[in-house]
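# Survey of secondary and tertiary structure
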Amino acid sequence: MNIILFGPPGAGKGTQAKHLVKKINGFQISTGEMLRDEIKKDTEIGKIIINDMNDGKFVSDEIVNSLIKKILFDPQKKDKLIFDGYPRSINQAKNLSLLLNESNQKIDFIFFLNVNKKTIIERIEKRKIIENRSDDELNTILKRYDTYMETTKPVLDFYSEKANFHEIDGAFEIDEITTKIDTFINV
Ligand code: AMP
């Protein structure tokens with residue numbers, strides 16, 4: 001089973017992904033985590049992306065798509081993928097479709113966690129205190145939200161017509177959202 005968690009920054013994708021990892025014995029594919037790791041390890045990619053990430057801008061599709069490709073063909077992870085933060089652009093969504101076809105996989109569920117801007121800002125400001133992420137500053141949060149509206153929201157049109165697309169009100173408490181997701185997965 002492969003699942004996409006879709007939604008603005010601060011929608012709770014990471015939290016729900018961790019729950020799903022346990023539930024389906026899967027693997028969380030967080031491009032944000034992978035990119036932060038490249039920066040931490042000071043790799044060639046890390047050096048290229050550090051400024052854009054700290055500015056709340058997207059990393060290029062080329063870099064993100066290359067990170068994803070390896071995972072889709074990993075026999076241990078195949079068919080147990082929980083995408084958290086990918087795809088985030090039409091180009092990435094098309095790339096994912098292509099890679100899924102090539103690796104003989106499909107997406108079983110797309111969950112769109114819908115949360116408004118005010119709630120996002122409140123949540124990320126709280127997360128900043130706990131995780132101390134450099135892109136969780138208020139100015140950067142606002143930029144990340146704008147980037148989401150411009151580049152990621154159009155991906156919704158790409159997915160929202162599909163039968164396995166489910167919109168979930170992300171303003172609910174974590175446990176309530178988990179329960180809602182579970183009702184689909186258990187059927
Ligand atoms: P996240 O941890 O998902 O909130 O992502 C943190 C940051 O990583 C984003 O603001 C982007 O700069 C970058 N990033 C993560 N995933 C992607 C992606 N799929 N495409 C482009 N940039 C990404």
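Our structure's up above, just so we're on the same page.
Please read all numbers here as calculations on a predicted model, not as lab measurements.

## Side note on the pattern of salt bridges
Summed over the entire model, instances satisfying the criterion amount to twelve salt bridges. One salt bridge in this structure joins Asp 108 and Lys 106, with 2.6 Å as the shortest N-O distance. Asp 108 gets classed as partly exposed once you look at its relative accessible area, which sits at 23%. A salt bridge links Lys 128 to Glu 137, with the shortest nitrogen-to-oxygen separation between them at 3.2 Å. Put simply, Arg 127, Arg 133, Asp 135, Asp 136 and Arg 144 are held in one network by salt bridges that share partners.

## A closer look at the packing of aromatic side chains
As enumerated under the stated definition, the model contains eight aromatic pairs in all. With a centroid separation of 5.2 Å and an interplanar angle of 90°, the aromatic rings of Phe 158 and Tyr 159 are classed as edge-to-face. For Phe 158, a relative accessible area of 26% gives the class partly exposed. Three or more aromatic residues joined by ring pairs form one cluster here, namely Phe 6, Phe 112, Phe 158, Tyr 159 and Phe 165.

## Some points on the sheet that holds strand β4 (residues 109-114)
With respect to topology, five strands assemble into an open sheet ordered β2-β3-β1-β4-β5, the strand pairing being parallel. Edge positions in the sheet fall to β2 (27-30) and β5 (165-169), since each has one partner strand and no second. Neighbour-to-neighbour, the strand axes of this sheet turn through a mean angle of 20°, independent of strand direction. The sheet contact formed by strand β1 (residues 3-6) and β4 spans four bridges and is parallel. Residue pairing in the sheet places Ile 4 in a bridge with Ile 110 of β4. Contacts from helix α4 (residues 61-72) reach β2 and β3 (81-84), with the element oriented near 165° to β3.

## A word on the environment of Val 155
Relative to the assigned elements, Val 155 resides in helix α7 (residues 138-160). Those residues in contact with Val 155 that lie beyond four places of it in its chain are Phe 6, Pro 87, Arg 88, Ser 89, Ile 90 and Ala 93.

## What to know about unusual backbone geometry
A negative phi angle characterises most non-glycine residues, just as the trans form characterises most peptide bonds. Looking along the chain, the bond that leaves Tyr 86 and enters Pro 87 is cis, with omega of 0°. Structurally, Pro 87 can be placed in the loop between β3 and α5 (90-102). Despite not being glycine, Asp 42 shows a phi value in the positive range, around 55°. In this fold, Asp 42 is placed in the loop between α2 (31-40) and α3 (44-54). Of note in the backbone geometry, Asp 79 takes a positive phi value of approximately 65° without being a glycine.

## Things to note about the site of the ligand
Contacts to the ligand come from 16 residues, most closely from Thr 31, Lys 57, Gly 85, Arg 88 and Gln 92. Contacts to the ligand include Arg 36, whose side-chain N or O atom sits 3.0 Å from an oxygen atom. Within the side chain of Arg 88, an N or O atom sits 2.9 Å from a nitrogen atom of the ligand. Looking at which element gives the most residues to the shell around the ligand, the answer is α2, with four residues. Residues that form the shell around the ligand fall into these classes: six nonpolar, four polar and six charged.

## What to know about helix α6 (residues 117-131)
Given a rise of 1.5 Å per residue, 15 residues ought to cover 21 Å, and the 20 Å separating the end C-alpha atoms of α6 matches this to within 8%. For α6, every residue scored as buried is listed here: Thr 119, Ile 120, Ile 121, Ile 124, Arg 127 and Lys 128. The secondary structure elements touched by the buried residues of α6 are α7. A positive phi of about 55° marks Asn 132, the residue just after α6.

The rules behind these values
- Residues numbered from 1 in each chain as written.
- Predicted model: local features only at pLDDT ≥ 70, side-chain atom pairs only at ≥ 80, totals over all residues.
- Heavy atoms only, no water.
- Salt bridge = Lys/Arg side-chain N within 4 Å of Asp/Glu carboxyl O.
- Buried < 20%, exposed > 50% of the residue type's maximum accessible area, 1.4 Å probe, protein only.
- Phe/Tyr/Trp six-rings, centres within 6.5 Å; stacked < 30°, edge-to-face > 60°.
- Pairing = 2+ DSSP bridges.
- Helix = DSSP H or I, 4+ residues; strand = E, 2+ residues; numbered from the N terminus.
- Axes fitted to C-alpha atoms, helices over the stretch in contact; angles between N-to-C directions.
- Contact = heavy atoms within 4.5 Å.
- Near = heavy atom within 4 Å.
- Polar contact = N/O pair within 3.5 Å; in protein donor to acceptor, adjacent residues only side chain to side chain.
- Nonpolar A, V, L, I, M, F, W, Y, C, P; charged D, E, K, R; others polar.
- Expected span 1.5 Å × (residues − 1).

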